[in-house]
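Structural description and commentary
What follows is each chain in one-letter form.
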Amino acid sequence: MKKRVMAVTLIIFLFVTVFGLISRDITPVNAEMTWQRVDFISGIVTAVELNVRKGPSAKYSIVGTLKQNQWVNVLAEINGWYVIFEPNTGLVGCVSGKYLQPPNKINQTPNTNSPPSTPSTPTQAPKPTSAPAPQANLSKDEKLLLDLINAERAKAGLAALTPDPELMEVARLKAKDMVENNYFSHQSPKYGSPFDMMRQFGISFRSAGENIAGNSTEAGAVKAWMNSEGHRKNILSGNFNYTGIGIYQSPKYGKVFVQMFIGR
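Quick caveat, the model's predicted, so the values are computed rather than measured. (Residues numbered from 1 in each chain as written. Predicted model: local features only at pLDDT ≥ 70, side-chain atom pairs only at ≥ 80, totals over all residues. Heavy atoms only, no water.)

**Re the nonpolar core**
Among the nonpolar cores identified, the biggest contains 23 residues, and Met-198, Met-260 and Ile-262 are the most heavily contacted of them. For Ile-262, the residues in contact, after removing those within four places along its chain, are Leu-167, Met-198, Ile-203, Ser-204, Phe-205, Ser-207, Ala-208, Phe-240, Asn-241 and Tyr-242. (Core = buried A, V, L, I, M, F, W, Y, C linked by side-chain atoms within 4.5 Å. Buried < 20%, exposed > 50% of the residue type's maximum accessible area, 1.4 Å probe, protein only. Contact = heavy atoms within 4.5 Å.)

Below, the structure written as structure tokens:
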């Protein structure tokens with residue numbers, strides 16, 4: 001059976017769902033509102049609790065709530081509001097852009113408060129900023145993926161990412177978790193967001209991000225990421241200098257790929 005190829009994408013039918021949801025409430029005054037494309041595919045909630053509304057204004061009714069540090073898929077922007085999709089619950093609606101930020105604009109530290117649904121972890125002592133030991137014990141597949149990623153960075157004049165041994169273990173665990181628990185999302189039912197997971201395992205960072213993909217080959221995964229604006233920005237971000245890579249065999253996709261990025 002031909003393996004399905006998948007990376008995190010913006011699902012077109014969600015636009016139809018959201019537009020249908022909003023259009024019933026829009027008055028003629030708002031008829032000129034138009035959707036705008038966003039340059040990132042995932043956002044992180046910065047408010048303690050964020051209301052999700054039926055339309056891009058506080059006048060619309062609330063259809064759900066999001067918690068601090070929760071990850072959601074971002075589909076479009078309209079008048080300072082984002083259209084979002086929460087993959088674990090299927091929640092679709094609009095949230096204020098003031099309280100949702102792309103991962104590369106969030107500076108997370110080990111003592112940042114965890115969302116209410118995730119137990120707080122002890123504050124971790126800052127780790128040395130020196131490069132980790134070069135022996136990160138990468139597998140053949142992990143090394144191939146890293147080489148492909150660093151080749152793309154080299155084309156853009158960026159320094160190579162260094163594999164961090166501890167972050168490697170976290171990324172491997174995330175890939176395994178996705179396959180064994182049959183989900184495909186940045187938000188893990190067990191570990192929470194990538195930021196939550198990193199903190200749980202004592203990873204310190206100034207900035208962080210994550211790419212995930214389902215593909216049969218490393219080259220295919222990197223190609224899919226580079227063809228996606230949000231994923232490509234993570235790969236070519238000068239804010240990141242360390243990485244962790246997890247690759248796990250998947251009966252659904254061939255392989256599941258997780259690449260975590262951090263900046264120190």
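**Considerations on unusual backbone geometry**
One non-glycine residue, Asn-79, lies in positive phi territory at about 50 degrees. With respect to the secondary-structure elements, Asn-79 resides in the loop between β5 (71-78) and β6 (81-86). With a phi angle near 55 degrees, Asn-182 is a residue other than glycine that sits in the positive phi range. With respect to the secondary-structure elements, Asn-182 resides in the loop between α3 (165-180) and α4 (194-200). The class for Asn-182 is exposed, based on a relative accessible area of 63%. (Helix = DSSP H or I, 4+ residues; strand = E, 2+ residues; numbered from the N terminus.)

**Considerations on the pairing of β5**
The two faces of a sheet get side chains in turn, since along a regular strand they alternate between them. With respect to burial, β5 is a largely interior element, eight of its eight residues being buried. Pairing of strand β2 (residues 42-45) with β5 involves three bridges; the strand directions are antiparallel. When the sheet's bridge partners are listed, Ser-42 is paired in β5 with Asn-73. Here β5 runs beside β6; their pairing, made up of five bridges, is antiparallel. By the bridge assignment for β6, Ala-76 is matched with Val-83. The antiparallel hairpin formed by β5 and β6 contains two residues in its connecting segment, where Asn-79 sits at a positive phi of about 50 degrees. (Pairing = 2+ DSSP bridges.)

**Observations concerning the environment of Tyr-60**
Along the chain, Tyr-60 turns up in the loop between β3 (49-53) and β4 (62-67). By relative accessible area, Tyr-60 is classed as buried at 4%. Between the alpha carbons of Tyr-60 and Cys-94 there is a distance of 9.3 Å; along the sequence they are 34 residues apart.

**Description of the pattern of salt bridges**
This structure, assessed with the given rule, holds 10 salt bridges. Note that Arg-172 is salt-bridged to Glu-142, the shortest N-O span being 2.8 Å. In this pair, Arg-172 sits in helix α3 while Glu-142 sits in helix α2 (residues 140-155), placing the two residues 30 residues apart along the sequence. With a closest N to O distance of 2.4 Å, Arg-172 and Glu-169 form a salt bridge. One end of the pair is Arg-172 and the other is Glu-169, both in helix α3 and three residues apart, which spans about a single turn. Residue classification places Glu-169 among the partly exposed residues on the basis of a relative accessible area of 46%. Residues joined by salt bridges that share partners form a network here, namely Asp-141, Glu-218 and Lys-255. (Salt bridge = Lys/Arg side-chain N within 4 Å of Asp/Glu carboxyl O.)

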